[in-house]
Amino acid sequence: MLIHPMPNPVAFTVFSWPVRWYGLMYMCAFVQFIALGRVRIKQPHLAAMGWKKEHLDDMLFYGVLGVIIGGRLGEVLFYNPAYYFSHPADIFAVWKGGMSFHGGFLGVLVAMAIWSRNVGRKWMDVMDFVAPLVPLGYAAGRIGNFINAELPGRPADPTLPWAMIWPNVDQLPRHPSPIYQALVDGVLLFIVLWLFARHPRPRLAVSGMFSLLYGCARFFTEYFRTPDYEVHFAGMTISAGQMLSIPMIVLGLVLLFFAYRKPAVKVLQN
């Protein structure tokens, strides 16, 4: 059985200023956005649409604001409103961890809508471009959660080789759920979506595939994570993360329907 190493959340200091692993993981997420984006703009079907390196820098600036503001507000409003409304100063303490992906997702939608309007691009073309660049950044954030010993898993069978005791929780063997989510919701989703997006797709298709696959993956991996709270939905007891993933699944199906509806009509007409 493994024991969570409980590393120091501070990676190093610069002039007595602590640099935390959690922040470094977000920096890795932003760096990979630029690196993968430069590969993506070279794909013929995207190069033909006029995507340039300068667009990546601008989108990153807007995206960072969307992730941080939306992610933090999502954590406050979706998961711990009672605590944060009682301790308003902690709302700004992002270095302690606590970022909601679903809130960050909404924040990025708004940020990209503003950017696309400023540059005269269609919003959904921008989201189709950005979607494959998101999962590895998400995985980096989950590694940051693991380093911070956040989001402990549900109790696991002690015979499970990777069952892990989280000393900051209790002495029960637990699933290392941030690692599960980094691998399934992050790395696996990236591989599938990147391969899907390498070829020309109808507008809305890449965004729809991302929303559908992430929603399904997150719904699955939430079964291994200790829920922030649980709700009753359609006769089932589900976690907060699963509840927030259902709209993403529905959104993905709707986007895919509209993405492929017109081509299907044309085929029938021919």
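Residues numbered from 1 in each chain as written. Predicted model: local features only at pLDDT ≥ 70, side-chain atom pairs only at ≥ 80, totals over all residues. Heavy atoms only, no water.

Relative orientation of the contacting elements helix H1 (residues 21-40) and helix H8 (residues 177-197) amounts to 25°, with a least axis distance of 12 Å. Here H1 is positioned roughly parallel relative to H8, judged by the angle of their axes. Classified by chirality, the crossing of H8 by H1 is right-handed. In contact with Leu 36, Val 39 and Arg 40 of H1, H8 contributes Phe 190, Trp 194 and Ala 197. (Axes fitted to C-alpha atoms, helices over the stretch in contact; angles between N-to-C directions. Helix = DSSP H or I, 4+ residues; strand = E, 2+ residues; numbered from the N terminus. Parallel < 35°, antiparallel > 145°, perpendicular 65-115°, else oblique. Left-handed = near helix turned anticlockwise from the far one by under 90°. Contact = heavy atoms within 4.5 Å.)

This paragraph deals with the confidence of the model for the protein. Confidence in the prediction of the protein, expressed as mean pLDDT, is 90, and 95% of residues score 70 or more. A low-confidence stretch, residues 264-270 (pLDDT under 50), is modelled with 0 contacts involving residues beyond four sequence positions or located in other chains. (pLDDT = per-residue confidence, 0-100.)

Before going further, it helps to spend a moment on the sheet that holds strand S1 (residues 2-3). Spatially, S1-S4-S5 is the arrangement adopted by the 3 strands of the open sheet, whose pairing is mixed. Edge positions in the open sheet fall to S1 and strand S5 (173-174), since each of these has one partner strand only. (Pairing = 2+ DSSP bridges.)

Phe 33, Trp 51, Met 59, Met 112, Phe 129 and Phe 210 are the most contacted members of the largest nonpolar core, which totals 42 residues. Listed by contribution, the elements that provide at least two residues to this core are H1, helix H3 (53-79), helix H5 (101-119), helix H6 (123-130), H8, helix H9 (205-221) and helix H10 (240-269). With 7 residues, H5 is the largest single contributor of residues to this core. Setting aside chain neighbours within four positions, we find Trp 51 in contact with Ile 41, Leu 46, Met 59, Trp 115, Arg 121, Asp 125, Val 126 and Phe 129. (Core = buried A, V, L, I, M, F, W, Y, C linked by side-chain atoms within 4.5 Å. Buried < 20%, exposed > 50% of the residue type's maximum accessible area, 1.4 Å probe, protein only.)

This structure, assessed with the given rule, holds 6 salt bridges. We note a salt bridge from Arg 203 to Asp 125, for which the minimum N-O separation is 2.7 Å. Of this pair, Arg 203 sits in the loop between H8 and H9 while Asp 125 sits in helix H6, and the two are 78 residues apart along the sequence. Among the residues examined, Asp 125 registers a relative accessible area of 15% and is labelled buried. Through salt bridges with shared partners, a single ionic network connects Arg 218, Glu 222, Arg 225 and Asp 228. (Salt bridge = Lys/Arg side-chain N within 4 Å of Asp/Glu carboxyl O.)

In this model, Ser 16 sits at a positive phi of 70°, which is unusual for a non-glycine residue. Inspection of the secondary structure assignment puts Ser 16 in the loop between strand S2 (10-14) and strand S3 (17-20). In this structure Ser 16 comes out as exposed when scored by relative accessible area, which is 71%.

This paragraph deals with the pairing of strand S7 (residues 236-239). Sheet topology places strand S6 (residues 230-233) next to S7; 4 bridges connect them, and they run antiparallel. Within the sheet, the bridge partner assigned to Phe 233 lies in S7 and is Met 236. Where S6 folds back onto S7 in an antiparallel hairpin, the turn is made up of 2 residues, including Ala 234, whose phi is positive at roughly 50°.

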